[in-house]
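Letter by letter, the chains look like this.
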Amino acid sequence: MYRSHNCGELRIADVNKEVTLAGWVQKSRDKGFMIWVDLRDRYGITQLIFDESRTEESVMQLAKSLGREFVIQVKGIVIERESKNANIPTGELEVLVKELTVLNESQLPPFTIEDETDGGEDIRMKYRYLDIRRNPVKNSLLFRHKVTQEVRNYLSNLDFCEVETPYLIKSTPEGARDFVVPSRMNPGQFYALPQSPQTFKQLLMVGGMDKYFQIVKCFRDEDLRADRQPEFTQIDCEMSFIEQEDILNVFEGLTRHLLKNIHNIEIEKFPRMTFDEAMKTYGNDKPDIRFGMKFGELNAVAQHKEFPVFNSAELVVGIAVPGAATYTRKEIDALIDWVKRPQVGALGMVYVKCEANNQYKSSVDKFYDQADLAKWAEATGANEGDLILVLSGSANKTRSQLSALRMELGNRMGLRKPNEFAPLWVVDFPLLEWDEDSERFHAMHHPFTSPKPEDMHLLDTDPGKVRANAYDLVLNGNEIGGGSIRIHDKDMQALMFKHLGFTTEQAQEQFGFLMNAFQFGAPPHGGLAFGLDRLTAILGGQETIRDFIAFPKNNSGRDVMIDAPATIDNTQLDELSIMLNVKG
Ligand code: ASP
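Calculation notes
- Residues numbered from 1 in each chain as written.
- Predicted model: local features only at pLDDT ≥ 70, side-chain atom pairs only at ≥ 80, totals over all residues.
- Heavy atoms only, no water.
- Near = heavy atom within 4 Å.
- Polar contact = N/O pair within 3.5 Å; in protein donor to acceptor, adjacent residues only side chain to side chain.
- Areas by Shrake-Rupley, 256 points an atom, 1.4 Å probe, with all protein chains shown as cover.
- Helix = DSSP H or I, 4+ residues; strand = E, 2+ residues; numbered from the N terminus.
- Nonpolar A, V, L, I, M, F, W, Y, C, P; charged D, E, K, R; others polar.
- Salt bridge = Lys/Arg side-chain N within 4 Å of Asp/Glu carboxyl O.
- Buried < 20%, exposed > 50% of the residue type's maximum accessible area, 1.4 Å probe, protein only.
- UniProt positions renumbered as here; feature names shortened; annotations may be inferred.
- Phe/Tyr/Trp six-rings, centres within 6.5 Å; stacked < 30°, edge-to-face > 60°.
- Domains from an automatic or database assignment.
- 1 Å grid on protein atoms, 1.4 Å probe; cavity = no way out; pocket = protein on both sides within 12 Å on 5 of 7 lines; lining within 4 Å.
- Points joined across faces, edges and corners; volume = space filled by probe spheres on them.

A word on the site of the ligand
- In the region of the ligand, 14 residues are neighbours, and Glu174, Gln198, Lys201, His445 and Arg486 sit closest.
- Residue Glu174 places a side-chain N or O atom 2.6 Å away from a nitrogen atom belonging to the ligand.
- Measuring from an oxygen atom of the ligand, one finds a side-chain N or O atom of His445 at 2.7 Å.
- Considering the ligand on its own, with 270 Å² of exposed area, one finds that the protein chains cover 92% of that surface.
- Elements with a contribution of two residues or more to the shell around the ligand: α5 (198-206), β21 (478-485) and β22 (525-531).
- In terms of residue count, the dominant contributor to the shell around the ligand is β22 (three residues).
- Taken together, the residues that form the shell around the ligand break down as two nonpolar, eight polar and four charged.

A word on the pattern of salt bridges
- Taken as a whole and assessed by the stated rule, the structure comprises 43 salt bridges.
- The salt bridge partner of Glu69 is Arg133, with a shortest N-O separation of 2.7 Å. Taken together, the residues Glu69 in the loop between α1 (57-64) and β4 (71-80) and Arg133 in the loop between α3 (128-131) and α4 (135-157) connect sequence positions 64 residues apart.
- Judged by relative accessible area, which is 24%, Arg133 ranks as partly exposed.
- With a closest N to O distance of 3.0 Å, Asp372 and Lys305 form a salt bridge. Residue Asp372 is located in helix α11 (residues 370-380), and its partner Lys305 is located in the loop between α8 (299-302) and α9 (308-311); the two are separated by 67 residues in the primary sequence.
- Judged by relative accessible area, which is 31%, Lys305 ranks as partly exposed.

Side note on the UniProt feature "domain: Aminoacyl-transfer RNA synthetases class-II family profile" (unreviewed entry) in the protein chain
- When the UniProt feature table is mapped onto this chain, "domain: Aminoacyl-transfer RNA synthetases class-II family profile" (unreviewed entry) is found at residues 144-552.
- Annotation note: span residues 144-552, helix share 33%, strand share 22%, distance between end C-alpha atoms 14 Å.

Re the packing of aromatic side chains
- Considering all chains together, one arrives at 19 aromatic pairs under this definition.
- Ring geometry for Phe307 versus Tyr368: centroids 6.3 Å apart, planes at 80 degrees, classification edge-to-face. Of this pair, Phe307 sits in the loop between α8 and α9 while Tyr368 is found in the loop between β15 (359-362) and α11, placing the two residues 61 residues apart along the sequence.
- Aromatic side chains Phe310 and Trp376 sit 6.0 Å apart centroid to centroid with 45 degrees between the ring planes, which places their arrangement in the tilted category. Here Phe310, found in helix α9, pairs with Trp376, found in helix α11; they are 66 residues apart in sequence, far enough to count as distant.

A short note on the domain arrangement of the protein chain
- Segmentation of the protein chain into domains returns domain 1 (12-104), domain 2 (138-169 + 195-272 + 423-571) and domain 3 (291-413).
- With centres defined by C-alpha atoms, the gap from domain 2 to domain 3 works out at 36 Å.

Some thoughts on empty space enclosed by the protein
- Within this structure, the stated rule accounts for one cavity of 30 Å³ or more.
- When its volume is computed, the largest cavity comes out at roughly 50 Å³.
- Residue lining of the largest cavity: Met125, Arg128, Phe551, Pro552, Lys553, Asn554, Arg558, Asp559, Val560 and Met561, and that is the complete set.

Right under this line is the structure:
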């Protein structure tokens, strides 16, 4: 028996017990005649005491040689501490050591194994196994475990069945690039790793499984924007014989269950917003509704005056920043510079200070009088003391620029409180979105998404206007889940592929298996997938997912600990019938 207790377990009631503990040396304090060691394991820290007058000399000597992160085992007696530590559960006691065994020595770790470490991101990733010993990372992994357990409980109780689907498949269209794996047994042919189990879960519905879920890895070979991982985890779900409303209810229930069981927060009905409304009000299809600064469109009140910039704009839109009328010229200029950064891309920004007694001071006083500006204040909901910030230009770009500014201000002003949770559904997404590069429509969600029957007639005449039975669950300004009601009819699916620019042959080659399946009695079905990494991070009050993943990759898609990806040797290449000709 390596241990009788773990390092977080002993309490004052255990005094006088003989115990055996094992763990890592967190730190030691050597006073010569007395040595204290903090012994750490996953469960906590227990203080050990070696006392010249009560501990054998050979044990004292060995204790003096202990370094940080040595793995040791001790036998001793639980005694009451003289100076108690109220900050840890074992803080009232210590273990007077009688026997000490060094199970393994350790090199000095390259960074401190403390909550606030001196190790930077790179070194922590290289020695991730040491990083995992730190509370913030360890606790994040334990937290993730709790979230997944709650998800499994909730869905299993509703009769969902967890089914595994293959990783070695062929392309699934989630809009990203595939990771591919060469097939040794089929020279020149490649598997693709799933961007999601989308087609398989639909086939499970054709197979009559009725309610499916899977906590599953997905792989997308994208340029890694901040806080994305090339492999990430979804809670993937699908149901048969349901309508959109059923899906929203079940997964609203799941989210409510998580908030209740993890944070003891009860949220009534989640608000719903159409995609159009979200774009108009927040410039964003995943609005953070924990704070205001809703968009006020100003075309009607700001155009047809003498200000040419606004007159030529498709959209003039502003937000009222609460209490910011006191900003100095310098502070406002800094905000203007912020929106002009290439990442945001605005050409300029107009401001109006709403001062006492309905007095307005603006950067466009030359073109607008007080009565004009009062209308701007009304449209943006500005009160005395607020600062109105206005952008203009083409509608989509301007909305996304103002949305970026709104989020930045939300962050700066502390309005995005990590422990406040504001979920909402965004519904009625467009079916298709225009892609400037390829100059054609792409499926906004994926090609299996069902159009709204009432919009079907627009498919030929005005495809961009067709809405889909597609929905996203948004939490605190992040899309944490998304899905749709699917097409379950072969002809309809063929029509959709045609609209997406596939020839009949291409559609058959890539998705023939699905359309064939639809000929054998496919039930009406739909589903969604949650991003587990992000969901966990947000529930954990954080916005970066990395610490909730045991072994994440860096921004270049590398695992710096195991040093992957890596070259493979010629024998392996030969077996795969592959000759390399690596460019540039
Ligand atoms: N497969 C979709 C995705 O990964 C989710 C869904 O439609 O169920 O986003």
